[in-house]
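A structural walkthrough
Here is how the chains run, residue by residue.
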Amino acid sequence: MTDIREFIRAASGREAKATLAVCGGRLVNVVSEEIYQADIAVYGNRIIAVGDISDHIGPDTEIVDASGKYLCPGMIDGHLHVECSKLSITSFAKAVVPLGTTSIVTGLDQIIVVGGPAAAREFLDEAKQTPLKVFWGAPCKTPYTMPRSTVGHYFGPADHAATHHWPECVGIWETVREFIQEEDPDVMKALEIAEKSRLPVLGCCPMTRGARLNGYQQARVRADHESYSPEEMLEKLRAGMHVVVRESSISHFLSDNLRIVTEMGVKALRRISFCTDDVVASDILVRGHLDNMVRMAIAMGISPMAAIQMATINGADALRIDEKVGSISPGRSADILVVNDLREFRIEAVIANGAVAARDGKMAVELSPPPRSEGLLRSIKVAPISVDDIAVPYEGEGNSARAMAIAVTPEKVFVRTKREVTLPVRNGRVLADLDQNIQYVTVVERYGKTQHRPVAFTSGFGLKAGAMASSTAPDDNNIICVGTSPEDMTVAINHLIANNGGQVVVKDGEILEFLHLPIGGIVSDIEPQEMAAIEGRLDDAARSLGCDLPWPFMYMFVLQITAIPDYAITDLGVIDCVKLTVTSPILEPNLEPTLEQGRAVAAE
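Residues numbered from 1 in each chain as written. Predicted model: local features only at pLDDT ≥ 70, side-chain atom pairs only at ≥ 80, totals over all residues. Heavy atoms only, no water.

Let's talk about the environment of Ala 161
- Structurally, Ala 161 can be placed in helix α4 (residues 157-163).
- By relative accessible area, Ala 161 is classed as exposed at 56%.
- Along the backbone, Ala 161 and Ser 197 are 36 residues apart, and their C-alpha atoms lie at a distance of 8.9 Å. (Helix = DSSP H or I, 4+ residues; strand = E, 2+ residues; numbered from the N terminus. Buried < 20%, exposed > 50% of the residue type's maximum accessible area, 1.4 Å probe, protein only.)

Okay, structure coming up:
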């Protein structure tokens, strides 16, 4: 960072002139809620003056003519698993900076479970070479699963003690309700360390109300992004939280959640901010990013000023970073958007860190990714599987068995229910039944720590043939595969193992489509447009097998998340997300493992 004395002297008009000036525009002041004519002087990466800046302009000052335009702060995504985009930090910046997103808040939890804090540090250092600011929330612990599944790195209290001093660290990230409810000792210790570090606690408490919310709030959670209804969001707001509206590629909550403003009469709009949580390139390039959320809010009848505040200063306030970003004010980062019309809210130019970063939807600067460490490029450490590994054994008698399938539907995003079915049995194995829309699902532990590869059943994917697999799958990033036959599933999984990660669709033993994700097995440095094209081909390939879900791979890769009811699957097996126990996919005879057995497996 440039010495603060330089900024003081530049702002006072002594010694140095502005490096850049934005002139002729109308300032959208999200702090005072005013719009007025004002010029902006920038020195280095900071705003040094707003209003009459004539004394700050010198012969070498770069002038940006914003005559007739509006000047808005750069936007802040308040909660984002950036790795779930499958884009590296550099590639993600190329996707969202032209759309006006200049800051994101992320836990980098997906790369942490692969490579630990050192991997997160690589990504944070990479961000410094881009126009995109990355603020980091230290994960409350990894993995978020209960019972604990197998990952490459278990982020715990020692990691909190070692990283809270990082300049990017803004709080404790993704503090899952179940950890608070069960008084998880590692999370309790992380909260103690956070209090000493004076860092806020950032939540994750879907469908949490009443007594559960009261108990959860004893952790003094400052903000939460997981409201499944406006009533739930209102209760959290009344309980003192900053509420973060989510509009991701797979879960569309903005229109429903913002009914607390448009229909339920809430006036505390400054406590509402925006996030996208999980987005993919094909969605960003079509709908946009935070700019799309601003347009959606305005279309619902929310004023442009309030919508822009939700995308800027409100999130900065919620995360206690408003002294750095969120408004066009002296001392803040020079992140400025040039906008033609506030209601249409299309970004014409983006200034980030004091330099023009994008114009007319395209990057104005070249970005190159850094070299990658060998550990991240060789993160899959499991041997190939065999066809016999894809099997659900049956100890009962007869040619059929009662079983449960993890059921997904496009109507209930993320939520997986229990579907009881009767399935055929052959040679001591329970088989999938495509006529009933029942496919196999397996998770292969890929860090080389165990031989875990449980097999169960899922319903709702609609596959009539073939298989699809992914090595990017929060919260563990173990390999997950849904398929109709052990043969095609084996081909799909082994292709990912051989290539150190990616997503793949297989039919009749042949690779139909493949996306290579070599960095940690979860992200790539390819251009956003190329990523979107491959995503489209992967989804088309999945649909050619019969899958009719709107986002086939996203619906599959979230099957490992245990923080959302009712069922999930991890490398431990099928998880009852309400009881927090491992359960059997076979309902008769009763083969249900106990929680102690599940924990014993996890401890191997």
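Focus on helix α3 (residues 109-127)
- The first and last C-alpha atoms of α3 sit only 16 Å apart over 19 residues, clearly below the 27 Å expected at 1.5 Å per residue.
- Taken as a whole, α3 carries its principal kink of about 130° at Gly 115; the proline Pro 117 stands between one and four residues after it. (Expected span 1.5 Å × (residues − 1). Bend = angle between axes of the 7 residues up to and from the residue.)

Quick notes on the UniProt feature "domain: Amidohydrolase-related" (unreviewed entry) in the chain
- UniProt marks residues 70-355 with the feature "domain: Amidohydrolase-related" (unreviewed entry), using the numbering shown here.
- Helix makes up 37% of residues 70-355 and strand 20%, with an end-to-end C-alpha separation of 18 Å. (UniProt positions renumbered as here; feature names shortened; annotations may be inferred.)

Section: the nonpolar core
- Counting 157 residues, the largest nonpolar core has Phe 92, Leu 258, Phe 274 and Phe 461 as its most contacted members.
- Considering every element that reaches this core, the biggest residue donor is α3, with 9 residues.
- Beyond its immediate sequence surroundings of up to four residues, Phe 461 is in contact with Val 408, Asn 437, Gln 439, Val 482, Gly 546, Cys 547, Asp 548, Leu 549, Pro 552, Tyr 555, Met 556 and Leu 559.
- Of all hydrophobic cores here, the second largest spans 32 residues; its members include Leu 431, Ala 469, Ile 479 and Leu 496. (Core = buried A, V, L, I, M, F, W, Y, C linked by side-chain atoms within 4.5 Å. Contact = heavy atoms within 4.5 Å.)

Overview of the sheet that holds strand β2 (residues 26-29)
- With mixed pairing, the 7 strands of this open sheet are ordered in space as β3-β2-β7-β16-β17-β18-β19. Edge positions in the sheet fall to β3 (34-37) and β19 (362-363), since each of these pairs with one other strand and no more.
- Judged from the 4 bridges that link them, strand β7 (residues 70-73) and strand β16 (residues 336-339) form a sheet pairing that is antiparallel. Bridging across to β16, Cys 72 finds its partner in Leu 337.
- Each of β2, β3 and β7 is contacted by helix α13 (residues 304-311), which is oriented at about 65° to β2, the strand it contacts most. (Pairing = 2+ DSSP bridges. Axes fitted to C-alpha atoms, helices over the stretch in contact; angles between N-to-C directions.)

What about empty space enclosed by the protein?
- Under the counting rule described, the total for this entry stands at 5 cavities of 30 Å³ or more.
- Of the pockets and cavities examined, the largest cavity occupies roughly 190 Å³.
- Lining the largest cavity are 19 residues, with His 81, Glu 174, Glu 226, Asp 475 and Ile 561 sitting closest to its centre. (1 Å grid on protein atoms, 1.4 Å probe; cavity = no way out; pocket = protein on both sides within 12 Å on 5 of 7 lines; lining within 4 Å. Points joined across faces, edges and corners; volume = space filled by probe spheres on them.)

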